[in-house]
Amino acid sequence: MTEHILSWVLFTPVIGMLLLLLIPSEKKNLIRWWANIVGVVGFLISIPLVTNFDKNAASFQYVEKFDWIPSIGATYSIGIDGISLLLIMLTTMMTSISILCSWSSIQDRLKEYYAMFLLLGTAMLGVFMSLDFFLFYVFWELVLIPMYFIIGIWGGERKLYAAIKFFLYTALASVLMLLGILVLYFQYHQQYGVYTFEFSKLMSLNMALDMQRWVFWSLFLGFAVKVPMFPFHTWLPDAHTEAPTAGSVILAGVLLKMGTYGFIRFSLPLLPKASIDPTIVRVLAVLSIIGIIYGALVSLMQKDWKKLVAYSSVSHLGFCTLGIFALNPNGLTGSVIQQINHGISTGMLFLIVGVVYERRHTRLISEYGGLAHVMPKFATVFAIAMLSSAGLPMLNGFIGEFTIVAGAFEANRAWAGFAVTGIVLGAAYLLWLFQRTMLGKITNEKNANLPDLNWREWAYFTPLIVLAFWIGLYPKPLFEILEKPVANIVMRVRPDYYQNQNRIREAAAPAVPAPVAVIPVPASH
Amino acid sequence: MNFLELIWLIPLIPLAGAAAMLFLGRHLPKTVISFLCPGAVFLSFLISAGAVIQLAGTAGKTHEVVQFMWLPALNAQWGFFLDPLSSVMILVVTGIGFLIHVYAVGYMAHEGGFYRFFGYLNLFVFFMLMLVLANNYLLLFVGWEGVGLCSYLLIGFYFDRKSAGDAGKKAFIVNRIGDAGFIIGVLLIWQLTGSLRFVDVNHAFEHGFTAETAAWGVLSTTALMLFIGATGKSAQFPLYVWLPDAMEGPTPVSALIHAATMVTAGVYMICRTHVLFELTPMASNIVAVTGAFTAIFAATIAIAQNDIKRVLAYSTVSQLGYMFLAAGVGAYWVAIFHLFTHAFFKALLFLGAGSVIHGVGGEQDMRKMGGLKKYMPVTHAVMFIATLAISGIPGFAGFFSKDEILAQVWGSVHGSKVLWAVGLTTAAMTAFYMWRMMYMTFYGAERSHVHAHESPKVMTVPLMVLALGSIVAGWFAVPRWWTFLPDSFRFFDTWLAHVFGRENGPTIPDAALTLASVGVAVLGIFVASRLYLRVWDGPLYRAMQNKWYVDEIYDFLFVNGLAKGGGELLGAFDRTIVDGGVNGAGWLTRFSSTVSIWWDTWIVDGMVRLSSFAVKLAGYPVRLIQTGYVQSYALVFVAGVLAIIGFYFVR
């Protein structure tokens, strides 16, 4: 089992789904229990990936490779590095959390619902594991189908509009991405006489800048819609608002990261020349910055609680893409960490909307107010989620945001200057939301007797809160895991980066070496 | 016991107190909380005192304890740093913080949310201690943001009231604006020096850079960015607006924010970075001018306020202006000295005001007080001392520090006579508005209908301790021309010289300057005794009373204009243009599909049908003949045959 551990992680949800289909539809609780067990097992089985991970290895780990469709050169080839490891852990965790949070909110067509979720789990994991472009594309498209049904069947009032918009928008973008993939595929055949989708082989492609640029923009469309980057973001608020809570959680928590992951895993290493092309970098950075500020400002004026959180995602993901196109270790590391953080914080914020939605069946902010009186525990959890999302130090958001801003600053001071305004606005819309919903007197009679968090709700908030503090206080393990893969990418895109960095450091070093002023003594506990 | 190794515990103990309140507070009786939370701060105070005493015995006067690597990206450790500067700060924070805690036990005795309140207070002290004990800028930022958060929580403590929620939010967001500047400043430091650790940064600035005296350079930008951060936290123009609103919180909170924590953070941070500011005289000038302007600007507002806490709030803004003025002219130790003395008398003033408010049943309008002296003798006595201290009457703490600031502004190479004059005028105004407050509250006719009463011991004893401090604190640094006193009376200067050095010492320690500042103070008090109830009604006075309409202007420009207006506008943009584009594409698709259907039905299929129609049309004449009746065919056939036969016959 150990040599196929990655496949086990990948297929556990779908195996669980197949067994789920054998359970008769009337046994609702059995279905619920089974789905939750599969979710938790899916998470537990992924833990050995962390414990056995070699953070000093520069290459992919747990690699498995078989021929799949030899005639076109497609292989079943999977493996992970530090970046995918973190995203996989996020996926398995968020999958089990979103299954748990559906316990009482989903009442009809349970079997289909959980089946869709488990299928989605495998599809997302596949995206983060694939080392073969064909396999990647299959999983990438596979994600759409369960998500489409989750929004379209179990969603809100305008679910059909949202589901179709989501599907068409992202499917169209994916098709354009496919064109880019095919260009790489045929280019490789032209140069080496072999058809392959394998990522490691495609790395040796030799393409002119012009060609790279075309491929870059085609991949860009696929990824930017997924992220979503401004101005490709409007499917997101609709999808988020109409999706059931668990759908929003998984959408924000994991799905959006497929886009940023695509940039990091494919665009940068495969198209290094295009990735440092000044025009491309400028466009991407500017779109990211617009996303940061625009998302925050639009959030500020939302009347719908869930839509507000959705737009805040646009702002946060702007930080992630900005970090990527800072094209330096801090920017990239910060970006990946912020992707994890966004999963945790925004996941929590969506779960929070879900908690009140389940009690009151409305998402309008004006319907609430003074909830801290009746739901003090809930208010505390919300406060933590809000602060984590607003990037308060000692919580996770700060670590990611600050590292990204440091990376952006290194690349271009003005970028960092704009990005920090997003931090200010982030505090504004979140605090205002908190004030309007939690503080003040209870003005709406219907809110007067709302029950506080129950044990099941605690069960899914607790791990997220613990993680938020952990990453905020001791993020060093994350940085260690990311160090090698990020260095690989930076060296691929900017081969002389580290050399130059050392040269700058030496030049900037003060003539007199800093004194060892005080011997840093490890605290004696 | 080696307290120096335990300095990491100093912030941690109040954090433990806060955690205990969060998890268990609901179930704990008030008496337990009343001992636990003040006790936690007191324990920190004891460790601080022990550590500071031991620090004084070391040769280097610095000590660092590093616990672990926190943020590897910027090489920021989770480490604590004790030197003469931070030792002053921790003693102020824990010492005065403890007294405020004790007082709060009495003040909050009848309020709901007792445990929540003390949890927040402890958390506040924790973050402030993180701020002053951090060994690098990033960890300082933990405390920096943390105190902002606590102010949000505490100002909004009465979260039923919308104004409280608003004020808390305002404090946090205005602070965040400053933080944006601070972050950029920190990143610049990181880029310039390759480190964020104070020791390394100061060392690098000292040895690796030359002063920017002639032109504005990157160092000046860095200093300015940090100063923007400081204006947010320390309530300087233009980011002071949150502080006066912050008195929405319970009074002990105001005391904590205004005296012991939070607002001192900016002053501390600037002094911590003094090496950089010494390299950037132009940025330092901005600091000094901003400080002086804020001092006099806030004083003009304080003159016209009728709410007792508002007077004190603006006086804090004004006094902080003094501190920045001192720091701006390079007299860092004096800035810290004023911070130190101010902590005592401002805490005392706020707590005394709280005692008054408590005594008259929650009234804050001074026009409805008066003659309270005989009902609240203790409160009156301590407030009397505090007001003398802030007015700068010799012998009281405020005199020593304010006098030193004015002397430095006059005498320092970076100082100027204009700034000195502004400082002096502010001193006169301070004496005036403070005594106006005293007269309106304690003397003259009784205008209150409530039966006033003195506060309980648990509140008055801390007041008495602070009153003692408001006298004694100043004697740590007496004016230099008081040569009749030994050097031990200038201990504060000597102690901080380990951090700031001595080369910025004043050049003219002049008795005449002292005389001038005392003179204006006395003048201010005298004028106040004559005019305290006078109400002017002119546009100028109204403008002062309305705080120069700054809040309204900000609301118009930034809150409603930029943020909400921008949000509204972009929201509309998003719905109509961006999403409109998507929906438009969808509509276009559907439209083109409709067109296609029409085309398909009428043109494409039409062609097919047209061709069939044409054939049909062409076949029409034939159809007339082709009737399908065998008889007619036979008839035609027969007729044909006959015709052919006929044709041959005829030919």
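If you're wondering where the values come from, they're calculated on a predicted model, not measured in any experiment.

Describing the overall build of chain B
Part 1 of the reasoning: Scanning chain B from N- to C-terminus turns up 24 helices and two strands.
Part 2 of the reasoning: A globule of 651 residues ought to have a C-alpha radius of gyration of about 26 Å, yet chain B, at 38 Å, is considerably larger.
Part 3 of the reasoning: Referenced to the eigenvectors of the C-alpha coordinate spread, the extents of chain B come out at roughly 170 × 65 × 55 Å.
Part 4 of the reasoning: Here chain B holds 651 residues, and 56% of them are scored as buried.

Topic: the overall build of chain A
Part 1 of the reasoning: Helix and strand counts for chain A stand at 21 helices and three strands.
Part 2 of the reasoning: Over its C-alpha trace chain A gives a radius of gyration of 23 Å, about what one expects of a compact globule, namely 24 Å for 525 residues.
Part 3 of the reasoning: Along the longest, intermediate and shortest principal axes, the C-alpha atoms of chain A span 65 × 65 × 50 Å.
Part 4 of the reasoning: Buried residues in chain A amount to 58% of all 525 residues.
Part 5 of the reasoning: When contacts within chain A are restricted to residue pairs at least 6 apart in sequence, long-range pairs at least 24 apart make up 80% of them.

Topic: unusual backbone geometry
Part 1 of the reasoning: Between phenylalanine 230 of chain A and proline 231 of chain A the backbone carries a cis peptide bond, its omega angle lying at 0 degrees.
Part 2 of the reasoning: Relative to the helices and strands, proline 231 of chain A is located in the loop between helix H8 (209–226) and helix H9 (235–242).
Part 3 of the reasoning: In this chain, phenylalanine 237 of chain B is followed by proline 238 of chain B through a cis amide linkage whose omega measures 5 degrees.
Part 4 of the reasoning: Backbone geometry at asparagine 75 of chain B places phi at a positive 55 degrees, although glycine is not the residue there.
Part 5 of the reasoning: Tracing the sequence through the fold places asparagine 75 of chain B in the loop between strand S1 (63–71) and strand S2 (76–82).
Part 6 of the reasoning: Under the C-beta neighbour-count criterion, asparagine 75 of chain B is labelled partly exposed, with 16 such atoms within 10 Å.
Part 7 of the reasoning: Backbone geometry at alanine 235 of chain B places phi at a positive 55 degrees, although glycine is not the residue there.
Part 8 of the reasoning: You can see alanine 235 of chain B is positioned in the loop between helix H8 (218–233) and helix H9 (242–245).

Brief notes about the interface of chain A and chain B
Part 1 of the reasoning: At the junction of the two partners, chain A supplies 52 residues and chain B supplies 53 residues.
Part 2 of the reasoning: Residue assignment for the side of chain A that touches chain B shows that the elements contributing at least two residues are helix H12 (278–300), helix H14 (329–360), helix H17 (396–411), helix H18 (413–438), helix H20 (476–493), helix H21 (497–508) and strand S3 (521–522) of chain A.
Part 3 of the reasoning: The greatest single-element share of the side of chain A that touches chain B, amounting to eleven residues, is contributed by H18 of chain A.

What about the domain arrangement of chain A?
All names here are of chain A.
Part 1 of the reasoning: In terms of domain boundaries, chain A breaks down into domain 1 (1–54 + 61–270) and domain 2 (276–497).
Part 2 of the reasoning: Of note, the centres of domain 1 and domain 2, computed from C-alpha atoms alone, are 22 Å apart.
Part 3 of the reasoning: Tallying the contact residues gives 40 residues for domain 1 and 44 residues for domain 2.
Part 4 of the reasoning: Within the residue set of the side of domain 1 that touches domain 2, elements represented by two or more residues are helix H3 (82–100), H8, H9 and helix H10 (245–270).
Part 5 of the reasoning: Ranked by residue count, the leading element in the side of domain 1 that touches domain 2 is H10, at 13 residues.

What to know about the pairing of S1 of chain B
All names here are of chain B.
Part 1 of the reasoning: Pairing of S1 with S2, which is carried by seven bridges, proceeds in the antiparallel orientation. Residue pairing for S2: glutamate 64 is matched across the bridge by phenylalanine 81.
Part 2 of the reasoning: Linkage of S1 to S2, two consecutive antiparallel strands, is achieved through a turn of four residues, within which asparagine 75 is found at a positive phi near 55 degrees.

Quick notes on the packing of helix H15 (residues 332–359) of chain B against helix H19 (residues 457–472) of chain B
Residues and elements named next belong to chain B.
Part 1 of the reasoning: The contact between H15 and H19 brings their axes to 9 Å, and the two run at 150 degrees. If you check the angle between H15 and H19, you find them roughly antiparallel. As for the relative orientation of H15 and H19, their crossing is left-handed in sense. For the pair H15 and H19, the contacting residues are Phe344, Phe345, Ala347, Leu348, Leu351, Gly352 and Ser355 in the first and Met459, Pro462, Leu463, Leu466, Ala467, Gly469 and Ser470 in the second.
Part 2 of the reasoning: Of the residues that constitute the contact of H15 with H19, the class distribution is ten nonpolar, four polar and no charged.

What counts and how
Residues numbered from 1 in each chain as written. Chains lettered and ligands numbered in written order. Predicted model: local features only at pLDDT ≥ 70, side-chain atom pairs only at ≥ 80, totals over all residues. Helix = DSSP H or I, 4+ residues; strand = E, 2+ residues; numbered from the N terminus. Rg over C-alpha atoms; globule rule 2.2 N^0.38 Å. Buried ≥ 20, exposed ≤ 12 C-beta atoms within 10 Å, placed from the backbone. Contact = placed C-beta atoms within 7 Å. Domains from an automatic or database assignment. Pairing = 2+ DSSP bridges. Axes fitted to C-alpha atoms, helices over the stretch in contact; angles between N-to-C directions. Parallel < 35°, antiparallel > 145°, perpendicular 65-115°, else oblique. Left-handed = near helix turned anticlockwise from the far one by under 90°. Nonpolar A, V, L, I, M, F, W, Y, C, P; charged D, E, K, R; others polar.

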